Structure formats: structure tokens, C-alpha cells
Amino acid sequence: MPETQSPAQSLTRREELLRIAAELFASKGFRNTTVRDIADAAGILSGSLYHHFDSKESMVDEILRTFQEELFGQYDEILAGDADPRAKLEQAVRVSFEAIDRHHSEVAIFQNDAAYLGTLDGFGYLAERHAQSREVWMRLLREGVAAGVLRADLDIDLVYRFIRDTVWVAVNWYRPGGSLSAAQVADQYVTILLDGLGA
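Residues numbered from 1 in each chain as written. Predicted model: local features only at pLDDT ≥ 70, side-chain atom pairs only at ≥ 80, totals over all residues. Heavy atoms only, no water.

**Structural notes on the overall build of the chain**
Moving on, step 1. From N to C terminus, the chain includes 10 helices and 0 strands.
Moving on, step 2. Its C-alpha atoms put the chain at 60 × 50 × 30 Å along the principal axes.
Moving on, step 3. Relative to its full complement of 199 residues, the chain shows a buried share of 39%.
Moving on, step 4. Put simply, 68% of the contacts in the chain that link residues at least 6 apart link residues at least 24 apart.
Moving on, step 5. Within the chain, one finds 20 positive and 31 negative side-chain charges whose respective centroids are separated by 4 Å. (Helix = DSSP H or I, 4+ residues; strand = E, 2+ residues; numbered from the N terminus. Buried < 20%, exposed > 50% of the residue type's maximum accessible area, 1.4 Å probe, protein only. Contact = heavy atoms within 4.5 Å. Lys, Arg positive; Asp, Glu negative; His and termini not counted. Charge placed at Lys NZ, Arg CZ, Asp CG, Glu CD.)

Structural data, given as C-alpha cells:
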């Protein structure tokens, strides 16, 4: 029988370099990670990295664009779907935690370095994605209020900020493969968000 490849073995060299870079950017910060750091972690000379990428900025750009295209594609599917407003909110929470689980480094980079990267040429789309994310959640919340799923007296802008900060900041403590799965954490968040903390 042919030997089964592990996910890491099935990655192309370019994809493997992006994975290594993403982990370093997430753990050390983009500004504190050098091309040499990435090359050393990959077991190659710095000059060899330039055969694949022209800069660390091009690496982080590809990392973030690929991740965000996938994430916002999922959000678009939720918005366009036929589910009721409560189910759509649940789906959006679950998709977000799945992203933290499956793209932990990418989420950490966006959370920690988007403000800095947004000052660089070619990264203006990060602010656009932030605005797009806000509109996704605001639309879901407005639909929830209109359908009677959420209380009409809620300040939905404040609710949006609560969701944004509690969901995405979880990247700082949630560890893929830990004692809680992304689905279990999402279950708890959905319960808190839609059913509250009261007994």
C-alpha cells in the first residue's frame, strides 16, 4: 500500500514556508520577525527564501489574504442562506471559532499586527475587511432584533463590539488541540450570547 502523507508532507515548499512564517509572525510579532528568522526555521539560507518571496511583507500579505478570502466567503454564505436570524448568528459564531482553531496563526497576526500593517503600502484592504466584518455582524444583529430573536432595547453597536472583542481575542488563550474544542467553546459563546448567564 502507498504510504499516507501527513498534512505537512502534502504541503508544497511555498506553502510550508508560509506556514513557518505565519507561526513566527504570530508568536514573535511581524516587526520582530526577520527574513533570517524564517529562513533559519525552514532550514535554508536567507537568500534562498527570496526565490519564493520578495519580502516578508509579501509573505504576510499572502497569509492574510488567503485566510480572509476563506473566512469572508463563509460569512457571505451565511448571509445569503435561508436560515432564520438566530441560526445565522450561531453559524457566524461557529465559523469564527473554527477560523481561530484552523487558522490560529493568521488570526493572531490580524489581531496583533493589522494596525501596523495597515500603515504599509498595499495593506489598505485590512481596514476594508475590518469594515466588512463589522457590517456582517451588524446586519445579523439587526435581523435578529427585527425577528424578535434579540431584545429591541439592545444597543447593537455595543453588542457588536462585545462579540468582536470576546470572540476574536480568544485567539490569545484558545489553543488548538487543547482540552476544549473550537465547537465546545462556540457552544458556550452561543449560549452566553443568545440565552444569557442567568439560571
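**Regarding the nonpolar core**
Moving on, step 1. Ranked by size, the top nonpolar core spans 36 residues in total, and within it L71, Y75, F97, I100, W137, L141 and W168 carry the most contacts.
Moving on, step 2. When residues of this core are traced back to their parent elements, those giving at least two are α5 (56-80), α6 (85-102), α7 (104-117), α8 (125-146), α9 (156-168) and α10 (182-195).
Moving on, step 3. Here the element with the most residues in this core is α6; it accounts for 7 residues.
Moving on, step 4. Residues within four places of W137 in sequence aside, it is in contact with Y75, L89, A92, V93, S96, Y160 and I163.
Moving on, step 5. Formed by 24 residues, the second largest nonpolar core is a distinct cluster that contains I38, A42, I109 and L126. (Core = buried A, V, L, I, M, F, W, Y, C linked by side-chain atoms within 4.5 Å.)

**Some points on the packing of helix α2 (residues 13-28) against α7**
Moving on, step 1. Where α2 meets α7, the axes come as close as 8 Å, and the angle between the chain directions of the two elements is 40°. Judged by the angle between their axes, α2 and α7 are oblique. Our pair here, α2 against α7, has a crossing hand that is left-handed. In this structure, α2 contributes A22, E23, F25 and A26 to the contact, and α7 contributes S105, A108, I109, N112 and D113. (Axes fitted to C-alpha atoms, helices over the stretch in contact; angles between N-to-C directions. Parallel < 35°, antiparallel > 145°, perpendicular 65-115°, else oblique. Left-handed = near helix turned anticlockwise from the far one by under 90°.)

**Brief notes about the packing of aromatic side chains**
Moving on, step 1. If you walk through the whole model with that rule in mind, you get 7 aromatic pairs.
Moving on, step 2. Ring geometry for F72 versus Y75: centroids 5.6 Å apart, planes at 80°, classification edge-to-face. On the criterion of helical spacing, the pair formed by F72 and Y75 is a turn pair, its members being 3 residues apart in helix α5. For the pair F72 and Y75, one class covers both residues: buried.
Moving on, step 3. In textbook terms, an aromatic cluster arises when at least three aromatic residues are bridged by ring pairs, as seen for F25, F30 and Y116.
Moving on, step 4. Over the ring of Y116 we find R31; its NZ or CZ atom is 4.3 Å from the centre of that ring.
Moving on, step 5. The ring of Y125 carries the charged tip of R65 above its face, separated from the ring centre by 3.8 Å. (Phe/Tyr/Trp six-rings, centres within 6.5 Å; stacked < 30°, edge-to-face > 60°. Lys NZ or Arg CZ within 6 Å of the ring centre and 35° of its normal.)

**Some remarks on the pattern of salt bridges**
Where charged atoms of side chains with opposite charge meet at close range, the side chains can pair.
Moving on, step 1. Scanning all chains against the criterion turns up 16 salt bridges.
Moving on, step 2. The salt bridge partner of R65 is D61, with a shortest N-O separation of 2.8 Å. Of this pair, R65 and D61 both sit in helix α5, 4 residues apart, which is roughly one turn of the helix.
Moving on, step 3. In this structure R65 comes out as partly exposed when scored by relative accessible area, which is 35%.
Moving on, step 4. The residue D157 makes a salt bridge to R161 at a minimum N-O spacing of 3.1 Å. Highlighted residues: D157 and R161, both in helix α9, separated by 4 residues, approximately one helical turn.
Moving on, step 5. A residue is classified by how much of its surface remains accessible, and D157, at 22% relative accessible area, is partly exposed.
Moving on, step 6. Residues joined by salt bridges that share partners form a network here, namely E16, R19 and E23. (Salt bridge = Lys/Arg side-chain N within 4 Å of Asp/Glu carboxyl O.)

**A word on the side chain of S96**
Moving on, step 1. Position of S96 relative to the elements: it lies in helix α6.
Moving on, step 2. Of the residues examined, S96 reaches a relative accessible area of 0% and is grouped as buried.
Moving on, step 3. Contacts of S96, omitting those with residues within four sequence positions, involve Y75, W137, V167 and W168.

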